[in-house]
Amino acid sequence: MILRAVPCFIGIALGLASPDSSAQPDAHANTNAGGLFRLPTGNTSLYERGEETKFFAPTAPDKPWTSGSFGCVRNDGWRLHEGIDILHQQTDRHGEPTDPVMATADGTVVYINTRPSLSNYGNYIVVRHVIEGVEVYSVYAHLSAVREGLRVGQTVKAGETIATMGRTSNAEVILKERAHLHFELNLLNNDDFAMWFKKNSPPGEHNDHGEWNGQNLIGMDPREVLLQEHNPNGNFSLTNFLHRQTELCRVLVRATNFPFLKRYPMLLIRNPVAEKEGVAGYEIALTYNGLPFALMPRAESEIKSTARIQLLSVNEPEEKANPCRKLVIKRGSRWELANEGQRLVELLIYP
Ligand SMILES: [Zn+2]
């Protein structure tokens, strides 16, 4: 059930149920023969039923494998892990991991951090992919070494070795037994992240990574993507996968020209009213971890509030199931965007 935070809004469903679905992506659904994303290490236990403990690195030996998976899996469900931790399989004689790390798909290297003291990701690489027209950014973190000669701007092939697994991080001590690749698949929130961060973060907080800061990358669940894609009967489509995300909440923004719209036009839902009258804002569906997965233009006549950002609705069961990103908060009987939610949406529509 979706609880309305404001009097009922014009209810055109977002997503595949939309009757105005000429912008839907099914035309691309069959273009992934041979696979879009590959496992980024030699560990293939993900595809073997019941072998999760061989694939995921839990946070401690007494924690379940799910603590190495994506989602509200840390701190009793109250902390988000926005990637998956893939267990090592090879070590040198000192017990250090030596697994090669491979590009998950064809792409271009956009960022390499080789100053591990500057990030909880330690040494990490970001690769940009275009899959069915969707820009996806894969992240490979805690690396011991980046492949010699690898540079920003270079193209890489799916399965090409780009680094060696490691245990680097400026925030946590990763024990040898737990050595893993932290792997993410993301959409990019905003090109102007560095400027936004400067204006909106407390003094003393540094961003050393430009737009390739983890806060600017919004994750999808790599396990889900890899498993669904691996299913021979699944006919996987990334765009459909995104459209089928579960909605945590829906916001309305009085902004009409922000980078995410141009970067991800496949996530737009048509609205004939706005097409006829002109666009005054966008209604945006967000997942529990803040992924904007459906955006619908709204006409002035459809918008009831003058607020620049307005929370329209909250999916309460989803909020109960996945509260860790703390995007929304209930005050009395009324839902509001929490600080984290406000910050996420402000970044999305910046400047
Ligand atoms: Zn991790």
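Residues numbered from 1 in each chain as written. Predicted model: local features only at pLDDT ≥ 70, side-chain atom pairs only at ≥ 80, totals over all residues. Heavy atoms only, no water.

Caption draft 1: Here's a closer look at the overall build of the chain. Summing up its helical and strand segments, the chain has eight helices and 19 strands in all. The C-alpha radius of gyration of the chain comes to 20 Å, within 12% of the 20 Å expected for a compact globule of 351 residues. Counting only C-alpha atoms and orienting by the principal axes, one finds that the chain spans roughly 70 × 45 × 40 Å. Per-residue burial over the chain gives 54% buried out of 351 residues. In the chain, once contacts between residues fewer than 6 apart in sequence are set aside, the share between residues at least 24 apart is 70%. If you sum the accessible surface of the chain, you get close to 15,700 Å²; carbon and sulfur atoms cover 49% of it. (Helix = DSSP H or I, 4+ residues; strand = E, 2+ residues; numbered from the N terminus. Rg over C-alpha atoms; globule rule 2.2 N^0.38 Å. Buried < 20%, exposed > 50% of the residue type's maximum accessible area, 1.4 Å probe, protein only. Contact = heavy atoms within 4.5 Å. Areas by Shrake-Rupley, 256 points an atom, 1.4 Å probe, with all protein chains shown as cover.)

Caption draft 2: Highlighting the side chain of Glu318. Its location among the elements puts Glu318 in helix 7 (residues 316-321). With residues up to four places along the chain from it excluded, the contact list for Glu318 reads Thr246, Glu247, Leu248 and Tyr288.

Caption draft 3: Inspection of the pairing of strand 12 (residues 180-188) at higher detail. Buried residues dominate strand 12, accounting for nine of its nine residues. Pairing of strand 4 (residues 84-87) with strand 12 involves four bridges; the strand directions are antiparallel. Residue pairing for strand 12: Ile84 is matched across the bridge by Phe183. As paired elements, strand 8 (residues 134-143) and strand 12 share five bridges and run antiparallel to each other. Bridge pairing in strand 12 places Ser138 opposite Leu185. (Pairing = 2+ DSSP bridges.)

Caption draft 4: Structural view of the coordination of the zinc ion. Taken together, His81 (NE2), Asp85 (OD) and His182 (ND1) make up the full set of protein donors to the zinc ion, lying 2.0 to 2.1 Å away. Donor residues for the zinc ion sit on one chain with the sequence pattern H-x3-D-x96-H. The two residues His81 and Asp85 agree in class, both being buried. (Donors = N, O, S within 2.8 Å, 3.2 Å for Na, K, Ca; no water.)

Caption draft 5: Broad picture of the sheet that holds strand 9 (residues 145-146). Pairing is antiparallel across the open sheet formed by three strands, whose spatial order is 5-11-9. Strands at the two margins of the open sheet, each flanked by one partner only, are strand 5 (100-102) and strand 9. Inspection of the sheet shows strand 5 paired to strand 11 (residues 161-164) by three bridges, in the antiparallel sense. Across the sheet, the residue bridging to Val101 is Ala163, located in strand 11.

Caption draft 6: The arrangement of the state of the cysteines in detail. Going through the model one piece at a time under the given rule, you end up with one disulfide. The closest cysteine sulfur to the non-disulfide-bonded Cys249 is located on Cys72, 13 Å from its own sulfur. (Disulfide = S-S within 2.5 Å.)

Caption draft 7: The arrangement of the nonpolar core in detail. Among the nonpolar cores identified, the biggest contains 81 residues, and Phe37, Ile125, Tyr140, Ile162, Leu238, Val253 and Phe258 are the most heavily contacted of them. Looking at this core element by element, the count peaks at seven residues for strand 8. Once residues within four sequence positions are removed from consideration, Ile162 is found in contact with Val101, Met102, Ala103, Ile125, Val127, Tyr140, Val146, Arg147, Leu150 and Val156. (Core = buried A, V, L, I, M, F, W, Y, C linked by side-chain atoms within 4.5 Å.)

Caption draft 8: Main features of the pairing of strand 6 (residues 107-113). In terms of burial, strand 6 is largely enclosed, as six of its seven residues are buried. The sheet contact formed by strand 6 and strand 10 (residues 155-156) spans two bridges and is antiparallel. Considered in strand 10, the bridge of Thr108 is made with Thr155.

Caption draft 9: Structural context of the packing of aromatic side chains. Counted under the stated rule, the structure contains 11 aromatic pairs. Centroid distance Tyr111 to Tyr124: 5.6 Å. Interplanar angle 50 degrees. Geometry classified as tilted. Note that Tyr111 is positioned in strand 6 and Tyr124 in strand 7 (residues 123-131), a separation of 13 residues in sequence. Ring centres of Phe258 and Tyr282 lie 5.9 Å apart, and the angle between their planes is 85 degrees; this geometry places the pair in the edge-to-face category. Residue Phe258 is found in the loop between strand 14 (249-253) and helix 5 (259-263), and its partner Tyr282 is found in strand 15 (residues 281-286); the two are separated by 24 residues along the sequence. For the pair Phe258 and Tyr282, a shared accessibility class is recorded, and that class is buried. (Phe/Tyr/Trp six-rings, centres within 6.5 Å; stacked < 30°, edge-to-face > 60°.)

Caption draft 10: Expanded view of the side chain of Asn271. Within the secondary structure, Asn271 sits in the loop between helix 5 and helix 6 (272-277). On the basis of relative accessibility, which here comes to 0%, the residue Asn271 falls in the buried class. A distance of 3.1 Å separates a polar atom in the side chain of Asn271 from the backbone nitrogen of Val273. Polar contacts involving the side chain of Asn271 include one to the main-chain carbonyl oxygen of Pro297, which spans 2.9 Å. (Polar contact = N/O pair within 3.5 Å; in protein donor to acceptor, adjacent residues only side chain to side chain.)

Caption draft 11: Focus on helix 2 (residues 193-200). Residues Phe193, Trp196 and Phe197 constitute the buried set of helix 2. Taken end-on, helix 2 shows its buried residues confined to a sector of 100 degrees, consistent with a single buried face. Residues of helix 2 that are exposed and point over 90 degrees away from its buried face: Lys198 and Lys199. Next to the buried residues of helix 2 lie helix 8 (339-349). (Arc of directions from axis to C-beta.)

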